[in-house]
Amino acid sequence: MLCQKNLDHVDSGVIHVEDSRGLNWSKDAESIIMVTQDNTEQKFISETMKRMEELHIVGQLAASLGHEIRNPISVVKGFLQILRGKNELFRYTEYLDMMISEVDRVDSMMNEFLAFGRLGGGDPAHCNLNDIIRSILPLLRAYASELGKRILIELEEIPDLELNEKEIRQMVMNLVRNGLEAMAVGGVLTIRTFYADKQVVLAVQDQGEGIPPYILEKLGTPFLTTKDNGTGLGLSVCLHIVAKHRGSIDVQTGENGTAFFVRFPYKS
Ligand SMILES: Nc1ncnc2c1ncn2[C@@H]1O[C@H](COP(=O)(O)OP(=O)(O)O)[C@@H](O)[C@H]1O
Ligand SMILES: [Mg+2]
């Protein structure tokens, strides 16, 4: 018989154990022998692989469906805008605005969905995470100021890594956008990088109200969103990218804000 359990583990939270009990035990037995194998790593790998496979399928679907859907959407939006400009339809302006904003929502969902399909383009190259962050900083700052918020950066010296630049850019943008969207006007978001314990770490910290527990437990599930015009795809894309780079991602959240930590292993 094979059974699986999760046990609390001193440093890693949970340790996955697989134990085989090939022994018959009876009431008279004085002892039983249990063979136990630490399966934490295998379980992590198989779960990550399964997840990547699922996301790969989503990616292929996205690539083929995305363009097909976006074309009719832009036609519909174009005609809605024409109708909105007609005087005789003035009393329907509110409805037309709602329709346009919903069409926009589908469009931005398709944009992010298409990002799945684009993942994997380009090879990883020897580069520095700090340079990638600096290259998109003007864009991030523009978005922040549009929302009335600010971005601080604290980039320490870190070693170069093998990174797929496009993917890392997308991951940083998704995390930063989430942080900015989580804060009230005037909030400050901090992007930090540092090197510790043979890992290059990216930390994106906001001053929002934190992630509610019911979202936290499902974080990263595609289409999970609490935003009116959210897509719920940003974090799943991040997870996919980080897994491809053999990194890990963890989150600390509370009423004073949320920090996402992305850790990339560094082998000198
Ligand atoms: N920094 C954050 N602070 C608070 N909640 C967050 C943060 N990042 C993500 N979330 C929560 O996770 C959900 C999923 O995020 P994401 O996958 O990027 O999709 P979207 O941003 O389109 O909603 C968000 O709707 C939000 O509820
Ligand atoms: Mg998002």
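Reading the values: rules and limits
- Residues numbered from 1 in each chain as written.
- Chains lettered and ligands numbered in written order.
- Predicted model: local features only at pLDDT ≥ 70, side-chain atom pairs only at ≥ 80, totals over all residues.
- Heavy atoms only, no water.
- UniProt positions renumbered as here; feature names shortened; annotations may be inferred.
- Near = heavy atom within 4 Å.
- Polar contact = N/O pair within 3.5 Å; in protein donor to acceptor, adjacent residues only side chain to side chain.
- Areas by Shrake-Rupley, 256 points an atom, 1.4 Å probe, with all protein chains shown as cover.
- Helix = DSSP H or I, 4+ residues; strand = E, 2+ residues; numbered from the N terminus.
- Buried < 20%, exposed > 50% of the residue type's maximum accessible area, 1.4 Å probe, protein only.

Going by the annotation in an unreviewed UniProt entry, the name recorded for the chain is histidine kinase, with Desulfitobacterium dehalogenans given as the source organism. The Catalytic activity (unreviewed entry) comment attached to the chain in UniProt states, word for word, "ATP + protein L-histidine = ADP + protein N-phospho-L-histidine."

With that settled, consider the site of ligand 1. Around ligand 1 sit 20 residues in total, of which Asn178, Asp206, Thr225, Thr226 and Lys227 are the nearest. Here an oxygen atom of ligand 1 and a side-chain polar atom of Thr225 are 2.5 Å apart. Within the side chain of Thr226, one N or O atom sits 2.5 Å away from an oxygen atom of ligand 1. Starting from 530 Å² of accessible surface for ligand 1 in isolation, the protein chains cover 93%. Contributions of two or more residues to the shell around ligand 1 are made by α4 (165–182), α6 (234–244) and β10 (257–265). The leading source of residues in the shell around ligand 1 is α4, at 3 residues.

Backbone geometry places Asp197, a non-glycine residue, at a positive phi of 50 degrees. Secondary-structure assignment places Asp197 in the loop between β7 (188–196) and β8 (199–205). Its relative accessible area of 71% is what places Asp197 among the exposed residues.

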